[in-house]
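Here's the letter readout for the chains.
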Amino acid sequence: MSVQPDAPQARCYAVERLREAQSDICRLIQAMVVWRARVENYRTQDLSAARDAYDVLAGTRKQLADALSEIQLLLMEAEGYQLAAMAGKLREGLLGFNLLSNAYRPVYDALNGFAAQLPLDGTTNAQVVGRMMNNIKMGYYPTDPDNISLILNGIRFPEGVTTNLLDPCCGCGMALRQIAQGNNCFTYGVELDEHRAEEAQTRLHRVGFGSFFYSRISHEAFHLLFLNPPYLSVLNESGGRARHEKRFLIESLGTLTMGGLLVYVIPYYRLTPDICRVLVDNFENLGLWRFTDAEFKKFKQVAVLGTRKKRDVEPLDAHWLEWFAAHPASVPPLAELPEGRYALPPRPLEVGTFKGEKFNQKELERQLSRSDSFKQLMSRSELDSGVKRPPLPLSISQIGLIGGSGMINGLIQCGTPHIIKGRIVKITRTETEDRYFPSGMHMGSEIRETITNKMIFNILTPNGFKALT
C-alpha cells in the first residue's frame, strides 16, 4: 500500500476531524434544547407545528448520535481509548433518552463536558500525533507476509484457469506476488511512486505507473482485487476532504468480475457506516478477520473478504459490520479463516485495457513487441523493395522533376549502360539598373535578385564523366 495523493494535501485526518466534531457536538446539543422548547410552546397552541418540531428534534438527536459514532472511531485512531469508550456510552444513553423529558440539563452538561475533553491542539498527545503524521509521511505499509499466508489459506484457485489479480496500490508488488506464486495467476498492479513501481515490475506481469484514479483498466476483468489503500485524508476535486479507503473501494470494485473476490485490508476503525454500506451492497459472503497480534497492535488492521454480487433492490442491514468497528476485540483472528472458503470464478477473463496514468517505457516495449501492426509498419513493403516502373511513359518535365529529386540515382540499363545522378541547385542572379530624374540627374540604382533552379545530371559512362545542365 502506498500514498496516492499529493503530499501538500495529506493531513492527519483524525486530528482535523476531531477539531470539527467538537463544534458539531456543541451546536447539535444546543439545537436539541431549542427544539425541545419549541415543542413545549406548540403543544397547547398548534399540535401540527408541535409534531413538526418534534420530528426536527428527533432528527437532530440522530445527527448527534451519528457524530458520536464517528468521534468514537476517530478517537480509536488517535489511540484515545478511554474517551472512545465514553463516546460509545454517551451515544447509547442519548438514543435511549426520552425527548419529551424536562431533564435536558444533565444531557447538555455531559455532552459539552465530553466535547471539552477531545484531544485538540495543545491537549493532543504529541507522541501519538507524531506517530500518525510520520506514518502519513512515510506512506508505505507493505502487507505482512505471514498474514498474506493466512489470507491465502482461505482462497481456492480454479484448476486449469489462469486468474487475473489486481492491486490498485501495489507498492513493490510483494503482496500480490505472494498471492500469485504457484497458483497460475497473471498479476497487475498500479503504483504512484516511480521507484517502487520499477521494483514491482520485477515481480508482477504488468505495472501501471501513476495514480490509479487516472489509469485506464478494463471493467470486470479480474478474479481477485487485493486492496490495501492509504490510511489518510486528502482534498478531493470539490475542495472537501475524503478518505482514500472509501475512494479506492468505490472506484476499483468495477474492475472485479461478478463472483470475484475482494480482499480489503484497512484499520478496524475505518469500518465507518458509509464504507460498511458499500461493502454490504456490493459483496456477499462477507467475512471479517483481524491480523496477527503483533501486526494488529501496530496498524490495527483487519481483512474484509467477500465475493462481488449485483446490488440488491432492497438494501441489506449493515449494522452488524459497523458493530465490529466499536468492538475490535470481537473480530476473529485470521488464523480462524476457513480453508478454501472463497473460490475464485472458474472462467477465463481478458484484460483488454491496462494503462497507467504515466508513460512507462518498459510497458510500451512489451506492447510493441506483441503488436503485428508495428511489425508491418517497420517492415519494407513490396513497393519499397521492388523495381519501380511507372504505369505510363513519363513526360520530359516529369523526368526532370524525378531526376532533380534524386530518385533517378543508379545504374541505367540500356544500349549504352551508365550511372546517373540528378540534383537541383539554386542560382541567384543580380541585376543593377541606374535610375535618373527627367533633368538627367542620377537618382540611384535599383538592384533586383532573381533566383532560379538549375537541374544538373551527373552521368558516368564507359567513356568518361559528363555533366548535363
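Here the structure is a predicted model, which means the values were calculated and not measured.

Helices and strands together make up the secondary structure of the protein, namely 16 helices and 17 strands. A burial count over the protein gives 44% of its 469 residues as buried. Residue pairs at least 24 apart in sequence account for 70% of intrachain contacts in the protein once pairs closer than 6 positions are excluded. In the structure as shown, the protein presents an accessible area of about 25900 Å², 53% of it carried by carbon and sulfur atoms.

Turning to a nonpolar patch on the surface, a few remarks are in order. Nonpolar side chains collect at one region of the surface, where I419, L460 and F465 lie side by side and expose about 310 Å² of accessible area between them. Mapped onto the elements, F465 comes out in strand β17 (residues 464-468).

Right, let's talk about the pairing of strand β9 (residues 256-267) for a bit. The buried count for β9 comes to 10 of 12 residues, which makes it a mostly enclosed element. Bridge count for β9 against strand β11 (residues 301-308) is 7 bridges, and the pairing is antiparallel. Note that in β11 the partner of Y264 across the bridge is V304.

Let us now look at the packing of aromatic side chains. Evaluated as defined, the whole model comprises 10 aromatic pairs. Ring centres 4.7 Å apart and planes at 45° place the aromatic pair F213 and F248 in the tilted group. Residue F213 is located in the loop between β4 (206-209) and β5 (216-217), and its partner F248 is located in helix α9 (residues 244-252); the two are separated by 35 residues in the primary sequence. The buried category is assigned to F213, whose relative accessible area is 14%. Residue F248 is classed as buried on the basis of its relative accessible area, which comes to 0%. Taken together through their ring pairs, the aromatic side chains of F186, Y188, F222 and F354 make up a single cluster.

To summarise the sheet geometry, strands pair through backbone hydrogen bonds and adopt either a parallel or an antiparallel arrangement. One open sheet accounts for 7 strands, arranged β4-β3-β2-β6-β9-β11-β10; its pairing is mixed. Across the chains shown, the open sheet's two edge strands, defined by having one partner strand only, are β4 and β10 (283-290). Within this sheet the neighbouring strands show an average axis-to-axis angle of 15°, counted without direction. As paired strands, β10 and β11 are joined by 6 bridges and run antiparallel to one another. Bridging across to β11, F283 finds its partner in R308. Sitting on the sheet, helix α10 (residues 273-282) touches β9, β10 and β11, and the angle it makes with β10 is about 135°.

This brings us to the nonpolar core. With 67 residues, the main nonpolar core has F114, L262, Y264 and L279 as its most contacted residues. Residue contributions to this core peak at 9 residues, all from helix α2 (residues 47-77). Beyond its immediate stretch of four places on either side in the chain, L279 contacts L249, L262, Y264, L271, L286, V304 and L321. Of all hydrophobic cores here, the second largest spans 30 residues; its members include A175, L176, L261 and Y342.

Attention shifts here to the packing of α2 against helix α3 (residues 81-95). Relative to each other, α2 and α3 sit at 165°, their axes nearing to 8 Å. Taken together, α2 and α3 sit at an angle that is classed as roughly antiparallel. Considering the relative orientation of α2 and α3, their crossing is left-handed. Residues R61, L64, A65, L68, S69, Q72, L75 and M76 of α2 touch α3, and the partners they reach there are Y81, L83, A84, A87, G88, L90, R91, L94 and L95. In terms of residue class, the contact of α2 with α3 is made up of 12 nonpolar, 3 polar and 2 charged.

Moving on: the packing of α3 against helix α4 (residues 104-116). Between α3 and α4, the least distance of the axes is 11 Å, while the angle of their chain directions is 155°. Judged by the angle between their axes, α3 and α4 are roughly antiparallel. Classified by chirality, the crossing of α4 by α3 is left-handed. Contact with α3, carried on its side by L83, M86, A87, L90 and L94, involves V107, A110, L111 and F114 of α4 and no other residues of that element. Looking at side-chain class alone, the contact of α3 with α4 contains 9 nonpolar, no polar and no charged residues.

What follows is about the side chain of T60. Within the element layout of this structure, T60 appears in helix α2. Setting aside chain neighbours within four positions, we find T60 in contact with L28, A31, M32 and W35.

A few words now on the pattern of salt bridges. A complete count under the given rule lists 16 salt bridges for this structure. A salt bridge links K309 to D312, with the shortest nitrogen-to-oxygen separation between them at 2.6 Å. Connected through salt bridges with shared partners, the residues R36, E40 and R43 form a single ionic network.

Turning next to α2. The first and last C-alpha atoms of α2 sit 45 Å apart over 31 residues, in line with the 45 Å expected at 1.5 Å per residue. Two or three places before S48, at the start of α2, stands the capping residue D46, its side-chain oxygen 3.2 Å from that residue's backbone nitrogen. Directly beyond the C-terminal end of α2, a positive phi value near 65° is found at E79.

Working note: non-glycine residues mostly have negative phi, and peptide bonds are mostly trans. Positive phi, close to 55°, is recorded for N184, a residue that is not glycine. Turning to its location among the elements, N184 is positioned in the loop between α7 (174-180) and β3 (185-191). We classify N184 as partly exposed; its relative accessible area is 40%. Its identity is not glycine, yet N285 carries a phi of approximately 55°, on the positive side. With respect to the secondary-structure elements, N285 resides in strand β10. Look at N285 and you get partly exposed, because its relative accessible area is 39%.

Scoring rules and cut-offs
Residues numbered from 1 in each chain as written. Predicted model: local features only at pLDDT ≥ 70, side-chain atom pairs only at ≥ 80, totals over all residues. Heavy atoms only, no water. Helix = DSSP H or I, 4+ residues; strand = E, 2+ residues; numbered from the N terminus. Buried < 20%, exposed > 50% of the residue type's maximum accessible area, 1.4 Å probe, protein only. Contact = heavy atoms within 4.5 Å. Areas by Shrake-Rupley, 256 points an atom, 1.4 Å probe, with all protein chains shown as cover. Patch = residues over 30% accessible without salt bridge, like charges linked within 9 Å, V, L, I, M, F, W, Y side chains within 5 Å. Salt bridge = Lys/Arg side-chain N within 4 Å of Asp/Glu carboxyl O. Pairing = 2+ DSSP bridges. Phe/Tyr/Trp six-rings, centres within 6.5 Å; stacked < 30°, edge-to-face > 60°. Axes fitted to C-alpha atoms, helices over the stretch in contact; angles between N-to-C directions. Core = buried A, V, L, I, M, F, W, Y, C linked by side-chain atoms within 4.5 Å. Parallel < 35°, antiparallel > 145°, perpendicular 65-115°, else oblique. Left-handed = near helix turned anticlockwise from the far one by under 90°. Nonpolar A, V, L, I, M, F, W, Y, C, P; charged D, E, K, R; others polar. Expected span 1.5 Å × (residues − 1). Polar contact = N/O pair within 3.5 Å; in protein donor to acceptor, adjacent residues only side chain to side chain.

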